[in-house]
Amino acid sequence: MEFLKTCVLRRKACTTVCFWRRQTIRKPSVRNISTSSPRSTVMPAWVIDKYGKNEVLRFTQNMMMPVIHYPNEIIIKVHAASVNPIDVNMRSGYGAAALNMKRDPLHIKTKGEEFPLTLGRDVSGVVMECGLDVRYFKPGDEVWAAVPPWKQGTLSEFVVVSGNEVSHKPKSLTHTQAASLPYVALTAWSAINKVGGLNDKNCTGKRVLILGASGGVGTFAIQVVKAWDAHVTAVCSQDASELVRKLGADDIIDYKSGNTEQQLKSLKPFDFILDNVGGSTESWALNLLKKWSGATYVTLVTPFLLNMDRLGIADGMLQTGVTVGSKTLKHFWQGVHYRWAFFMASGPDLDDIATLVDAGKTPQEKDWALHRWCERTGIPRSAV
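- Looking at an unreviewed UniProt entry, the protein carries the name NAD(P)H oxidoreductase RTN4IP1, mitochondrial, with the source organism given as Rhinolophus ferrumequinum.
- The protein has a UniProt comment under Subunit (unreviewed entry) that states "Interacts with RTN4, UQCRC1 and UQCRC2."

A short note on the sheet that holds strand β14 (residues 337-340)
By way of backbone hydrogen bonds, the strands of a sheet pair with one another, either parallel or antiparallel.
At step 1: One open sheet holds the six strands; their spatial order is β11-β10-β9-β12-β13-β14, and the pairing between them is parallel. The open sheet has two edge strands with one neighbour each: β11 (251-254) and β14. When the angles between neighbouring strand axes are averaged without regard to direction, this sheet yields 15°.
At step 2: Examined bridge by bridge, strand β13 (residues 296-299) and β14 share four bridges and lie parallel to one another. For Thr 299, the partnering residue across the bridge sits in β14 and is Trp 340.
At step 3: On top of the sheet, helix α5 (residues 182-195) reaches β12 (272-275), β13 and β14; it is set at about 150° to β12, its chief contact.

Focus on the packing of helix α10 (residues 304-311) against helix α11 (residues 313-332)
For any two helices packed against each other, one specifies the crossing angle of their axes together with the interaxial distance.
At step 1: Where α10 contacts α11, the axes come no closer than 7 Å and their chain directions differ by 145°. For α10 against α11, the interelement crossing comes out right-handed. For the pair α10 and α11, contact is made by Phe 304, Asn 307, Met 308 and Leu 311 and by Ile 313, Asp 315, Gly 316, Met 317, Gln 319 and Thr 320, respectively.
At step 2: Split by residue class, the contact of α10 with α11 holds five nonpolar, four polar and one charged.

Focus on the nonpolar core
At step 1: With 52 residues, the main nonpolar core has Leu 198, Ile 210, Ile 222, Val 225, Leu 274 and Ile 353 as its most contacted residues.
At step 2: Here this core gathers at least three residues from each of two domains, domain 1 (42-180) and domain 2 (196-340).
At step 3: Setting aside anything within four residues of it in sequence, one finds Ile 210 in contact with Gly 218, Ala 221, Ile 222, Val 232, Thr 233, Ala 234, Val 235, Leu 274 and Asn 276.
At step 4: If you look at the next biggest cluster of nonpolar residues, it comprises 17 residues, including Ile 253, Trp 284, Leu 288 and Ala 295.

Observations concerning the packing of aromatic side chains
What describes a pair of aromatic rings is the distance from one ring centre to the other and the angle between the planes of the rings.
At step 1: Under the counting rule described, the total for this entry stands at seven aromatic pairs.
At step 2: Seen in terms of ring centroids, Tyr 51 and Phe 115 are 4.9 Å apart; in terms of plane orientation they differ by 65°. Their pairing is edge-to-face. Pair noted here: Tyr 51 is in the loop between β1 (42-48) and β2 (57-64) and Phe 115 is in the loop between α3 (96-103) and β4 (117-118), with a separation of 64 residues, a long-range link.
At step 3: We note Lys 77 situated over the ring of Phe 158; from NZ or CZ to the ring centre the distance is 5.1 Å.
At step 4: Sitting over the face of the ring of Trp 150, Lys 102 holds its NZ or CZ atom 4.9 Å from the ring centroid.

Concerning α5
At step 1: The sharpest bend along α5 comes to roughly 30°, located at Trp 189.
At step 2: Along α5, the residues classified as buried are Pro 182, Tyr 183, Val 184, Ala 185, Leu 186, Thr 187, Ala 188, Trp 189, Ser 190, Ala 191, Ile 192 and Asn 193.
At step 3: Where α5 ends, the next residue or the one after it, Gly 197, has phi of about 80°, a positive value.

A few points about the pattern of salt bridges
At step 1: For the coordinates displayed, the defined rule picks out 13 salt bridges.
At step 2: Asp 49 serves as the salt-bridge partner of Arg 58, at 2.7 Å between the closest nitrogen and oxygen.
At step 3: Judged by its relative accessible area of 36%, Asp 49 is partly exposed.
At step 4: With its nearest N and O atoms 3.1 Å apart, the salt bridge here joins Lys 265 to Glu 261. Note that Lys 265 and Glu 261 are positioned in helix α8 (residues 260-265) at a spacing of four residues, about one turn of the helix.
At step 5: Here Lys 265 falls in the partly exposed class, since its relative accessible area comes to 44%.

Describing a nonpolar patch on the surface
At step 1: Residues Trp 46, Leu 57 and Phe 59 make up a contiguous nonpolar surface patch of roughly 300 Å² in combined accessible area.
At step 2: A residue is classified by how much of its surface remains accessible, and Leu 57, at 36% relative accessible area, is partly exposed.

A look at the sheet that holds strand β6 (residues 142-146)
At step 1: If you trace the five strands from one edge of the open sheet to the other, you get β7-β3-β5-β6-β8, paired in antiparallel fashion. With one partner strand each, in any of the chains shown, β7 (158-162) and β8 (166-168) form the two edges of the open sheet. Strand-to-strand twist in this sheet, taken as the mean axis angle between neighbours without regard to direction, amounts to 45°.
At step 2: When strand β3 (residues 73-82) meets strand β5 (residues 122-130), the two strands line up antiparallel, connected through eight bridges. Opposite Ala 81, over in β5, you have Val 123 as the bridge partner.
At step 3: On the sheet, α5 packs against β5 and β6 and is oriented at approximately 60° with respect to β6.
At step 4: Each of β6 and β8 is contacted by helix α12 (residues 347-358), which is oriented at about 25° to β8, the strand it contacts most.

Rules behind the numbers
- Residues numbered from 1 in each chain as written.
- Predicted model: local features only at pLDDT ≥ 70, side-chain atom pairs only at ≥ 80, totals over all residues.
- Heavy atoms only, no water.
- UniProt positions renumbered as here; feature names shortened; annotations may be inferred.
- Pairing = 2+ DSSP bridges.
- Helix = DSSP H or I, 4+ residues; strand = E, 2+ residues; numbered from the N terminus.
- Axes fitted to C-alpha atoms, helices over the stretch in contact; angles between N-to-C directions.
- Contact = heavy atoms within 4.5 Å.
- Left-handed = near helix turned anticlockwise from the far one by under 90°.
- Nonpolar A, V, L, I, M, F, W, Y, C, P; charged D, E, K, R; others polar.
- Core = buried A, V, L, I, M, F, W, Y, C linked by side-chain atoms within 4.5 Å.
- Buried < 20%, exposed > 50% of the residue type's maximum accessible area, 1.4 Å probe, protein only.
- Domains from an automatic or database assignment.
- Phe/Tyr/Trp six-rings, centres within 6.5 Å; stacked < 30°, edge-to-face > 60°.
- Lys NZ or Arg CZ within 6 Å of the ring centre and 35° of its normal.
- Bend = angle between axes of the 7 residues up to and from the residue.
- Salt bridge = Lys/Arg side-chain N within 4 Å of Asp/Glu carboxyl O.
- Patch = residues over 30% accessible without salt bridge, like charges linked within 9 Å, V, L, I, M, F, W, Y side chains within 5 Å.
- Areas by Shrake-Rupley, 256 points an atom, 1.4 Å probe, with all protein chains shown as cover.

Listed below in structure tokens is the structure:
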């Protein structure tokens, strides 16, 4: 009798669980991709078959269409994509050792298995298909994303990404405008927020210095920290001063007009420095920080990938660890924090960025996106 009672209880519990799952789990969407042919398994794309200069770029109509291999993946129909410096560098083979290790950690594949390789990191488009575990997106959603460099890129008709790398596109931007943002925006966000520790609650009144302020990362960083009420000093050339001032920079230093270090030393010390320049800048920039106050220097110019290309995976990682460790310890004893930052693909962070864009917290965002698009395509703004 006790055994029958237990079986009944278990059956009721199973029924309850099954009912709960039916209420919360959406049925998987049917694969319905719009192509020129209903049976098409290929798509157009820009690819490379080896590393080199521009001549290695090849346009093909026969690139295999991406498929969902994992339940958290999404296939996006590409409406717009853009080119970043990382794409140009990857075309030449930059970072190939580290990226191939990420693609194939066990070294099962033979050398050159990454080809044909599609470049392009940024994408804005429409969701075509979702994996079984995807909960926040459905076919037809307008989305944007930045695809990690070890994955096939976005210069193609379709691209597959992980659900945690995707975000709903800002409603205030077109696909073309939105495609100019994700990679540089997430790189800036990584440096400022993830590594630098700044956010909307602790940034008010902080003095922020941005070196290389007129590039993609620099211009986005200006807008974010200004949205968080920081005081921004931007270092750029004179011809970019109007742009960075419109984006919110309080002070502008023209690095061509004299000794940049001396000009910056005449200002009050800074709480945070974002360095997009590197090189000799690092030798003096940290002296501009407030000592023993938690001030942080973050650089995006690191030898991480170059070390692995030059020395191999093991020796390159060892050299990288020694370099960053010694510099961090050295500057810690001098009263400041030294950090390296990298691009980090993140859908949740893109959600926050989209909120800032649509809320008007970055008032020049739309114009800036257009500026970046014109800069990349070479088309004058007057012609748009």
